[in-house]
Amino acid sequence: MTRLSASQVRHHWLWLCGALALMLGTYLAVQMLLAVSGTQPQQRISRGVEFLPDATSRMQVQDMLDNSSLHWQTEQSDLLSYGMQKVPYWFRYQLPRLDSREKWLLEIDYALLDNLEVWFFDDQGLLSEYATGDSLPFRARTIRSEKFLFPVPQSPGPVDLLIRAQSSGSLKLPINLWQAEHYLVYSGEHSLMMGIFFGFLAAMGLSNFFFFLTTRAVNFLVYCGYVFCLGLTLLTLHGLAYKYLWPENIWLQGRSVVLFASATMLFAAIFSRELLPVRRFSMALDRGLLMVAGLFLMILLLGLLLPYWLTIKVFLIVLIIAIFFICGIGFWLWSKGVVVARLYTLAWVALLSSALIASLENLNLLDLDIRSHYLLMFGATVETVLLALVLAISYNQQRQDLFEAQERMLHKERQLREAQQQAQDDLEYKVQERTLELEITLRELSQSNRELEERNTLDALTGIRNRRYFDKKYVAEVRRSRREQTLLTVAMLDIDHFKSINDRLGHLVGDECIRAVANQIRLHLRRPADDVCRYGGEEFALLLPNTDAEGAAVLLEAIRQDIGALQVHTPAGPVSLTISVGFSTGAVHMDVDDNELLEQADQALYRAKAGGRNQVQTYNKESGVA
């Protein structure tokens, strides 16, 4: 049995992956088209519509109503498509009798009409009229939709529809009659499908842009430009760009299709030249791709100056030629055995074929039952999936090159076995370096832990020490007092009537008051050994080592008076505060419990509150019991 070489096996796998990617892209595109056509309109208005070209471009609505000698023609096909026309077209049609219990919408599903006027009549006369189109700002539309929507007025009898349409591009008038509720369902499904599709394009463009930033490979940047310009072209064809991107820019809306489509093909030609090895096989074809890129660049520049109807015709003609030329190069490189060219050609055939069909439809050389811009979305989906596979193959090839380089390095390593000892010495030296770096890192980590521990002792609201710090510092000061028999003063401070401040003015104002009190207390503590801590809520605790009762009373009274004179500026206005203070002073003896001073200060605070608040009370044995 014949064994396949590694290269042949790889080629077979590439073909299998390409087939799977093509099937996936086709499935997604078909699902997209089904989503577009899955919800059918209530009635499609096409065959039987009467139309009349206005050769003079001067006829008014009254002429259409009064002049019975006009030669109206009846549309026999299912499409109201008339190619590129310089003159306006008039259309008239009698709507069927509609259910008056429902609301009805008339939809014209073509977003690139320059001027569109609609009139509704019944036996009594004019019911309503509308004027819209790309020659007016988007806000002029009655219903802010990317498609042209008009509410159908209610009438007891039949309603006559009269339309005047004009466009510098292809003139199409796909008319649908909807029940309003059904249209909301359809519009939601359509918007979801559009969001998924354009989100997919945006993801592909951004991912390739990031690939460019990491690899600096120009083909990623060119492909990113191609994807974004293709997305802008499709956004314009669907009317979404005029709705969301430039709703007030009439000039750009009138030229956006030819500008972005030309930019798309410009990037496509450059991308083809960057990705495919054309110049390796034929310099003439390489120059041909440059000429194609130059032609689309020229059309883009002319689109800024010349009328739209002229530049779009030139663009469509050049587009058809470019499609055959680029696909021909792909097939030619395919025949030369270039693996990337095979998948690349499949990708571009999908997109460029849909673009060719769309061009033929816009030139009125082909009639389709589906909108050309939906075909472009079909081709773009298949093409994007396949090109993603091409990029994956390129990455795989780079990884294969890396593996081969590693194999060469292993071969060299086997040839240099005599240098193994030296390499081992170098390794031990590097280990020592890493050990030293680890020790430095551990010291830095220890320092960071100490800093973190310091931050953990700070109250987040006031910036002073918190309860956790107080508990540790209190035990340390009590032990020092017991050991050295020095005086220690513990004071408890509480903001008077703080709950009513919170209830009346809100917790944010309460927080401002707590911060103000904390700052005022901190200003009075001049000795490094003195500490103020937020004990909890509106309550504060002070530790004053080596401080007798008289000195503590003077300090605490000064704090109380300054806070009483303080005006706290808050969003609710200035707020006045008072505090109640209780403190206890003494030297801790060996037989005294550690918490005795703290409990005595708390009892003194309770006595200050019971005595009317806004005062300083010291603990004594006669008055200490609550």
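Look up a bit, the structure's there.
Keep in mind the model is a prediction, meaning the values are calculated, not measured.

Now for the overall build of the chain. A count of helical and extended segments in the chain gives 17 helices and 19 strands. Counting across all 626 residues of the chain, residues that qualify as buried make up 46%. When the accessible area of the chain is evaluated, it comes to approximately 32700 Å², of which 58% is carbon and sulfur surface.

Moving on to the packing of helix α3 (residues 180–215) against helix α4 (residues 218–237). Pairs of packed helices are described in terms of their axes, by the angle between the two and the distance that separates them. Contact pair α3 / α4: the axes reach a minimum separation of 8 Å and the direction vectors enclose 160 degrees. The angle between α3 and α4 falls in the class roughly antiparallel. The hand of the α3/α4 crossing is left-handed. Each of F197, F198, L201, A202, M204, G205, L206, N208, F209, F211, F212 and T215 in α3 lies in contact with α4, whose residues at this interface are F220, L221, Y223, C224, V227, F228, G231, L234 and L235.

This paragraph deals with the pattern of salt bridges. If you walk through the whole model with that rule in mind, you get 20 salt bridges. As a salt-bridge pair, K243 and E146 come within 3.4 Å of each other at their nearest N and O atoms. Here K243, found in helix α5 (residues 240–244), pairs with E146, found in the loop between β8 (125–132) and β9 (148–152); they are 97 residues apart in sequence, far enough to count as distant. Given the relative accessible area of 9%, E146 is considered buried. Of the charged contacts, one joins K609 and D494 as a salt bridge, the two residues approaching to 3.4 Å between their closest N and O atoms. One end of the pair, K609, is in helix α17 (residues 596–610); the other, D494, is in strand β13 (residues 488–495), and 115 residues separate them in sequence. Taken together, the shared-partner salt bridges in this structure form one network comprising K473, E477, R480 and D531.

Below, the discussion takes up α4. Between its first and last C-alpha atoms α4 spans 29 Å; for 20 residues at 1.5 Å apiece the expected length is 28 Å, and the two agree. In the stretch just after α4, G239 is the one whose phi turns positive, near 80 degrees.

Okay, the sheet that holds strand β5 (residues 89–95) next. Spatially, six strands are ordered β3-β2-β5-β10-β7-β8 in an open sheet, and the strand pairing comes out antiparallel. Of all strands in the sheet, those bounded by a partner on one side alone are β3 (73–74) and β8. Judged from the seven bridges that link them, strand β7 (residues 115–122) and β8 form a sheet pairing that is antiparallel. When the sheet's bridge partners are listed, F120 is paired in β8 with S128.

Let us look at the packing of aromatic side chains. Overall, the coordinates contain 23 aromatic pairs when judged by the stated rule. When the centroid spacing of 5.3 Å and the interplanar angle of 80 degrees are considered together, the rings of W178 and Y183 count as edge-to-face. Neither W178 nor Y183 differs from the other in exposure class; each is buried. With centroids separated by 5.7 Å and ring planes inclined at 25 degrees, the aromatic side chains of W246 and F260 adopt a geometry described as stacked. Highlighted residues: W246 in the loop between α5 and α6 (250–275) and F260 in helix α6, separated in sequence by 14 residues. The two residues W246 and F260 agree in class, both being buried. The rings of F51, Y82, Y89 and F91 are connected pair by pair, giving a single aromatic cluster. Its end group placed over the ring of W309, K86 keeps NZ or CZ at 4.1 Å from the ring centre.

The next subject is the nonpolar core. One recurring pattern in soluble globular proteins is that nonpolar side chains are buried together. Ranked by internal contacts, the top residues of the largest apolar core, which has 89 residues, are L106, L116, F120, L173, F296 and F315. If you look at the next biggest cluster of nonpolar residues, it comprises 31 residues, including F498, A518, I521 and V532.

In this section: the environment of S481. In this structure, S481 sits in helix α13 (residues 467–484). As a C-alpha pair, S481 and M590 span 109 residues in sequence and 10.0 Å in three-dimensional space. Dropping the residues within four chain positions of it, S481 is found in contact with T486, L488, G586, A587 and V588. Within the structure, S481 has its side chain in polar contact with the backbone oxygen of T486 (distance 2.6 Å). For S481, the side chain forms a polar contact with the main-chain nitrogen of V588, separated by 3.1 Å.

By the secondary structure assignment, G612 is in the loop between α17 and β19 (616–618). G612 gets classed as exposed once you look at its relative accessible area, which sits at 55%. In this structure, the C-alpha to C-alpha distance between G612 and D496, residues 116 residues apart in sequence, is 9.8 Å.

Within the structure shown, the criterion is met by zero disulfides. For C229, which is in no disulfide, the shortest distance to another cysteine sulfur is to C224 and amounts to 9.2 Å. C229 gets classed as buried once you look at its relative accessible area, which sits at 11%.

Moving on: a nonpolar patch on the surface. Together, W251, L297, L301, L304 and L305 make up a nonpolar patch on the protein surface, roughly 510 Å² of accessible area in all. Its place among the elements puts L305 in the loop between α8 (283–302) and α9 (308–335).

Where α6 contacts α8, the axes come no closer than 8 Å and their chain directions differ by 165 degrees. Taken as axis vectors, α6 and α8 run roughly antiparallel relative to one another. At the point where α6 passes α8, the crossing takes the left-handed sense. Where α6 abuts α8, its residues V258, L259, S262, A263, M265, L266, A269, I270, S272 and R273 lie against D286, L289, L290, V292, A293, F296, L297, I299 and L300. Considered class by class, the residues forming the contact of α6 with α8 number 15 nonpolar, two polar and two charged.

All right, on to the side chain of D54 then. Following the sequence through the fold, D54 ends up in the loop between β2 (50–53) and α2 (61–66). It turns out D54 is buried and unbridged, and the closest side chain with the opposite charge, R164, is 4.7 Å from it. There is a polar contact of 3.5 Å between the side chain of D54 and the side chain of W90. Once you skip the residues sitting within four places of it in the chain, D54 turns out to touch M59, V87, P88 and W90.

The rules behind the values
Residues numbered from 1 in each chain as written. Predicted model: local features only at pLDDT ≥ 70, side-chain atom pairs only at ≥ 80, totals over all residues. Heavy atoms only, no water. Helix = DSSP H or I, 4+ residues; strand = E, 2+ residues; numbered from the N terminus. Buried < 20%, exposed > 50% of the residue type's maximum accessible area, 1.4 Å probe, protein only. Areas by Shrake-Rupley, 256 points an atom, 1.4 Å probe, with all protein chains shown as cover. Axes fitted to C-alpha atoms, helices over the stretch in contact; angles between N-to-C directions. Parallel < 35°, antiparallel > 145°, perpendicular 65-115°, else oblique. Left-handed = near helix turned anticlockwise from the far one by under 90°. Contact = heavy atoms within 4.5 Å. Salt bridge = Lys/Arg side-chain N within 4 Å of Asp/Glu carboxyl O. Expected span 1.5 Å × (residues − 1). Pairing = 2+ DSSP bridges. Phe/Tyr/Trp six-rings, centres within 6.5 Å; stacked < 30°, edge-to-face > 60°. Lys NZ or Arg CZ within 6 Å of the ring centre and 35° of its normal. Core = buried A, V, L, I, M, F, W, Y, C linked by side-chain atoms within 4.5 Å. Polar contact = N/O pair within 3.5 Å; in protein donor to acceptor, adjacent residues only side chain to side chain. Disulfide = S-S within 2.5 Å. Patch = residues over 30% accessible without salt bridge, like charges linked within 9 Å, V, L, I, M, F, W, Y side chains within 5 Å. Nonpolar A, V, L, I, M, F, W, Y, C, P; charged D, E, K, R; others polar. Lys, Arg positive; Asp, Glu negative; His and termini not counted.

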